[in-house]
Amino acid sequence: MLGEVLQWEYPADAVLSHWFRAHPKLGSRDRGEVADAVFDVLRNLRRYRQFAEIGMGPAARRLAILGLSNVFSKDVLNQGLDEAEQGWLEHVLRINVAALSRAVRASLPDWLDERLSQLDDADALVDALNSTAPLDIRVNPLKVERDAMLATLRTGPALRFDPEPTPYSPWGIRLQGRPPVNRWPMFENGEIEVQDEGSQILAALVGVKRGEMVIDYCAGAGGKTLLLGALMRSTGRLYAFDVSAARLARAKPRFARSGLSNIVPVVIADDNDQRVKRLRGKAHRVLVDAPCSGLGTLRRNPDLKWRQHPESLQELVDLQARILRQASRCVAPGGRLVYATCSVLPEENERQVEAFLAENPEFTLLDASKIVQDRCENLTLEGPWLAMRPDRHGTDGFFAAVLERAKPAALKSSAEGESQAQDGSS
């Protein structure tokens, strides 16, 4: 399994799913142990590779042993090791990890370590990104209240996963361990969905209202679309745009379970899509959850550290700018545009928004901290951005900015003011 993942041809979770389908005799416990070991290796790959350079036999086997050492007890693991391997493992486990450089200790490629080092409290952020994450779910507010769902979870088999309300999102529930949520009846009937708390809070920033026209411009598998539709109480029209027909196809069963009737899935072209052009200046709210590096989700997707590189990052930054320009044209005067990523890197976040605002003076930046307070009373933000971090908020790394398009009268007034200022200075 590890050998297939380290080819980097596909995301690790997709390779795991394919491998498990090819090995149907594995029980759920076996699958969990394999997955935990693989993700442990991905999380610590650079450090493990350095340790695996010493010893006899294939280095790939030593990587697997290190991963399994965090899954099995010593007595269980030793049953599969020869005497030399047992001695090697004992030697490795005595190494003082704290004496290693951060890039090796936290298993980061040099380019990523350099970028993260420029952020506030970099060590705390790196350690948090290199930890394992709990599982966040949320209720479907169209069907059930969170308190009622918590009561249900605490009186059934889900109790062993310690369900607790998320600290900020009013819809979220946090679970520990590896719960089989997709087999629970409340999932099958659309009462709950899997969604990180940071992603849930994004819906609060969009601020949808009943009867509006709303566009989820990069809908993907539809998680945020579902919450937006429920907050609209299944009224108005909610377009779920995506360039991938396959992603929208995977979202359709979720749309069906949700009980929503206001979602319109639309496969759009990368550029100059006629359906997008027809909606120019018509949408009250447009959400752009842009394709990004995903580096804010390293707790769940540690392979992204090794699948991304500076060149691919620049390609993503260029794509984000293009999508943001396209989506902004759909915003009605007085409407709201929300740009978001699951990244912690400034070039995908603040710098991207600042560049857009410099080119589009009809948009202004709103204070996200004030907007989010309407729904998320416990969340205090600094500055105009939504900037969630695992070390500070217990969520994935998440960024969002809220922009508003000026109405024509405001644009005219602003232009006249600038003209008068120029006349006065001359």
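Concerning the packing of helix α5 (residues 59-68) against helix α7 (residues 83-93)
Line of reasoning, step 1. In the contact formed by α5 and α7, the axes pass within 11 Å of each other and the chain directions differ by 60 degrees. When the interaxial angle is binned, α5 and α7 end up oblique. Crossing handedness for the pair α5 and α7: right-handed. Taking contact as the criterion, the partners of Arg61, Arg62, Ile65 and Leu66 in α5 are, on α7, Glu85, Trp88, Leu89 and Val92.
Line of reasoning, step 2. Across the contact of α5 with α7, the residue classes tally to 5 nonpolar, no polar and 3 charged.

A closer look at the sheet that holds strand β1 (residues 135-139)
Line of reasoning, step 1. Strand order in the open sheet formed by 4 strands is β2-β3-β1-β4, with antiparallel pairing between adjacent strands. The open sheet terminates on both sides in strands that have one partner only, identified here as β2 (164-165) and β4 (192-194).
Line of reasoning, step 2. In this sheet, β4 lies alongside β1 in antiparallel orientation, the contact comprising 3 bridges. Of the residues in β4, the one forming a bridge with Arg138 is Glu193.
Line of reasoning, step 3. Contacts between helix α11 (residues 146-153) and the sheet are confined to β1, β2, β3 (172-175) and β4, with β3 contributing the most and set at about 25 degrees to the helix.

What to know about the nonpolar core
Line of reasoning, step 1. Core analysis: the largest hydrophobic core is formed by 54 residues, its most contacted members being Trp184 and Leu379.
Line of reasoning, step 2. With 6 residues, helix α13 (residues 197-206) is the single largest residue contributor to this core.
Line of reasoning, step 3. Residues in contact with Trp184, not counting those within four places in the same chain, are Leu153, Ala158, Phe161, Leu175, Pro179 and Ile192.

What counts, and at which threshold
- Residues numbered from 1 in each chain as written.
- Predicted model: local features only at pLDDT ≥ 70, side-chain atom pairs only at ≥ 80, totals over all residues.
- Heavy atoms only, no water.
- Axes fitted to C-alpha atoms, helices over the stretch in contact; angles between N-to-C directions.
- Helix = DSSP H or I, 4+ residues; strand = E, 2+ residues; numbered from the N terminus.
- Parallel < 35°, antiparallel > 145°, perpendicular 65-115°, else oblique.
- Left-handed = near helix turned anticlockwise from the far one by under 90°.
- Contact = heavy atoms within 4.5 Å.
- Nonpolar A, V, L, I, M, F, W, Y, C, P; charged D, E, K, R; others polar.
- Pairing = 2+ DSSP bridges.
- Core = buried A, V, L, I, M, F, W, Y, C linked by side-chain atoms within 4.5 Å.
- Buried < 20%, exposed > 50% of the residue type's maximum accessible area, 1.4 Å probe, protein only.

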